[in-house]
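# Coordinates in review
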Amino acid sequence: ELPPSEFMQVADSTWLVLSVVSNGREAPGCQATGVTKIARSVIAPLAEHHVSVLMLSTYQTDFILVRERDLPVVIHTLAGEFDIYREESGECVPVTCDDVSNGFLKPKPPASPTLHPVQSPQTRFCVLTVAPDTLPAIATMLIDVLFYSHSPPWDAATSSQDLDSITFFSFSLIEGYISIVMDAETQKRFPSDLLLTSSTGELWRMVRIGGQPLGFDECGIVAQIAEPLAAADISAYYISTFNFDHALVPEEGIAEVIQLLQQRQESGR
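Calculation notes
In this convention, every chain numbers its residues from 1, walking through the sequence in written order. In view of the model being predicted, local features appear only for residues whose pLDDT reaches at least 70, and side-chain atom pairs are presented and counted only at 80 or more, with totals across whole chains, interfaces and linings using the full set of residues. With hydrogens and water excluded, all non-hydrogen atoms of the structure serve as input to the side-chain values. UniProt positions are given in the numbering used here, feature names are shortened, and annotations may be inferred rather than shown by experiment. Ring pairs shown here join Phe, Tyr and Trp side chains whose ring centres sit within 6.5 Å, with only the six-membered ring taken for Trp; geometry is labelled stacked below 30 degrees between planes, edge-to-face above 60, and tilted in between. Secondary structure elements follow DSSP: runs of H or I of four or more residues count as helices, runs of E of two or more count as strands, with numbering from the N terminus. The rule is simple: take the accessible area with a 1.4 Å probe, protein chains only, and divide by the maximum for that residue type; under 20% is buried, over 50% is exposed, in between is partly exposed. For a lysine, the NZ atom is tested; for an arginine, the CZ atom; a charge sits over a ring if that atom is within 6 Å of the ring centre and within 35 degrees of the ring normal. The pLDDT value expresses, per residue, how confident the predictor is, ranging between 0 and 100. Two residues qualify as a contact provided that any one of their heavy atoms is within 4.5 Å of a heavy atom in the partner residue. Only C-alpha atoms enter the line fits that serve as axes; for helices the fit covers just the stretch in contact. Angles between N-to-C directions range over 0 to 180 degrees. Each crossing gets its handedness from the near helix: less than a right angle anticlockwise from the far helix is left-handed, clockwise is right-handed. Each residue receives one of three labels: charged for Asp, Glu, Lys and Arg, nonpolar for Ala, Val, Leu, Ile, Met, Phe, Trp, Tyr, Cys and Pro, and polar for the others, Gly being one of them. To count toward a patch, a residue needs a relative accessible area over 30% and no salt bridge; like charges are then connected within 9 Å, while nonpolar side chains (Val, Leu, Ile, Met, Phe, Trp, Tyr) are connected within 5 Å. Throughout, the Shrake-Rupley method with a 1.4 Å probe supplies accessible areas, and for residues the shown protein chains are the sole cover considered. Just to be clear on terms, a salt bridge is a Lys or Arg side-chain nitrogen sitting within 4 Å of an Asp or Glu carboxyl oxygen. Identification of polar contacts relies on pairs of N or O atoms within 3.5 Å, with a donor-acceptor requirement for protein atoms, meaning one able to donate a hydrogen and the other able to accept it, and with residues adjacent in sequence counted only if both atoms are side-chain atoms.

An unreviewed UniProt entry annotates the protein chain as Cytosolic arginine sensor for mTORC1 subunit 1 of Poecile atricapillus. Under the UniProt heading Sequence similarities (unreviewed entry), the entry covering the protein chain gives this text: "Belongs to the GATS family." What the UniProt record of the protein chain gives under Subunit (unreviewed entry) is the line "Forms homodimers and heterodimers with CASTOR2. Interacts with the GATOR2 complex which is composed of MIOS, SEC13, SEH1L, WDR24 and WDR59; the interaction is negatively regulated by arginine. Interacts with TM4SF5; the interaction is positively regulated by leucine and is negatively regulated by arginine."

Here it is, written out as structure tokens:
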């Protein structure tokens, strides 16, 4: 319903959402543990089969977005490990490989993925949720942060490894559940009694992939971070955006994460 605009850039693909559930049940607790749970079983196999993905963690769970035209490859790749269902009128209907065999192409031999630079700003972030009925109480503040607290324009200097800080605010509303990621300073502007976080109230640090807008044709970007962290059993909160990919990890583990990713880059050269 949005009118065309010279200021709005739209990707040329339609995306479908994959929700991955372990053993038919949601993971215990409400705090998302990130993409490490599904890095080996979903993200890595799709990257090997040249499927580009967008990753979106929320406070409750994690979602993977794939292009609609890649669905046959996605189904054939994941059918050996997962029972796959599609949602029709609120009901879950089993999907088989035969249902999507039309247009399936066997994957080509994988090319060496591009290893993008990884930045780690000093900014500390909070992962929060808000009860839907209390959202009106912070609506004015949300609008101000989202639309009027402008970040400085991007320039080449921000691509350096010595990035001190980053302006980042994420708000998602999925099936009535609200997830918010904001820096610790911005959190102070909101009423503390309305923002809910885990019992530990931990802070998160970010690693950001890409020195320039990544686009959607390249595969393995999510895997570049997800696979090393999964191997080390480090949880992450992952958000793909139009231009960059971001992973948040618990603050106390940032040094280990940076070391792992640096080792990954050096071994890939």
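This model, assessed by the stated rule, comprises two aromatic pairs. Ring centres 6.0 Å apart and planes at 85° place the aromatic pair F125 and F168 in the edge-to-face group. Residue F125 is found in strand 7 (residues 125–128), and its partner F168 is found in the loop between helix 3 (135–148) and strand 8 (170–174); the two are separated by 43 residues along the sequence. Considered together, F125 and F168 belong to a single accessibility category, that of buried residues. Measuring from centroid to centroid gives 6.3 Å for W204 and Y237, while their planes differ by 65°, and the two rings are edge-to-face. Residue W204 is found in strand 10 (residues 204–209), and its partner Y237 is found in strand 11 (residues 237–240); the two are separated by 33 residues along the sequence. Residue classification places W204 among the buried positions, given a relative accessible area of 3%. Over the aromatic face of F244 sits the side chain of R208, whose NZ or CZ is 4.4 Å from the ring centroid.

The next point concerns the confidence of the model for the protein chain. Chain-level pLDDT for the protein chain is 79 on average; 76% of the residues reach the 70-or-more range. Within the model, pLDDT remains below 50 along residues 153–162, and this stretch shows 12 contacts once partners closer than five positions in the same chain are excluded.

Below, the discussion takes up the packing of helix 1 (residues 39–48) against helix 5 (residues 221–231). Contact geometry for helix 1 and helix 5: axes closest at 10 Å, N-to-C directions at 150°. Crossing of helix 1 against helix 5: the hand is left-handed. Facing A39, R40, I43, A44 and A47 of helix 1, the residues of helix 5 in contact are V222, A223, A226, E227, A230 and A231. Residues of the contact of helix 1 with helix 5, tallied by class, amount to nine nonpolar, no polar and two charged.

Next up on the list: a nonpolar patch on the surface. Together, I143, L146, F147, Y148, F171 and L173 make up an exposed nonpolar region whose accessible area comes to about 630 Å². Top element by residues in the nonpolar patch is helix 3. It accounts for four residues. For I143, the location among the structural elements is in helix 3. In this structure I143 comes out as partly exposed when scored by relative accessible area, which is 44%.

Another point: the side chain of S120. Within the secondary structure, S120 sits in the loop between strand 6 (118–119) and strand 7. Residue class for S120 comes out buried when judged on its relative accessible area of 11%. One polar contact links the side chain of S120 to the main-chain carbonyl oxygen of M206, over a distance of 3.3 Å.

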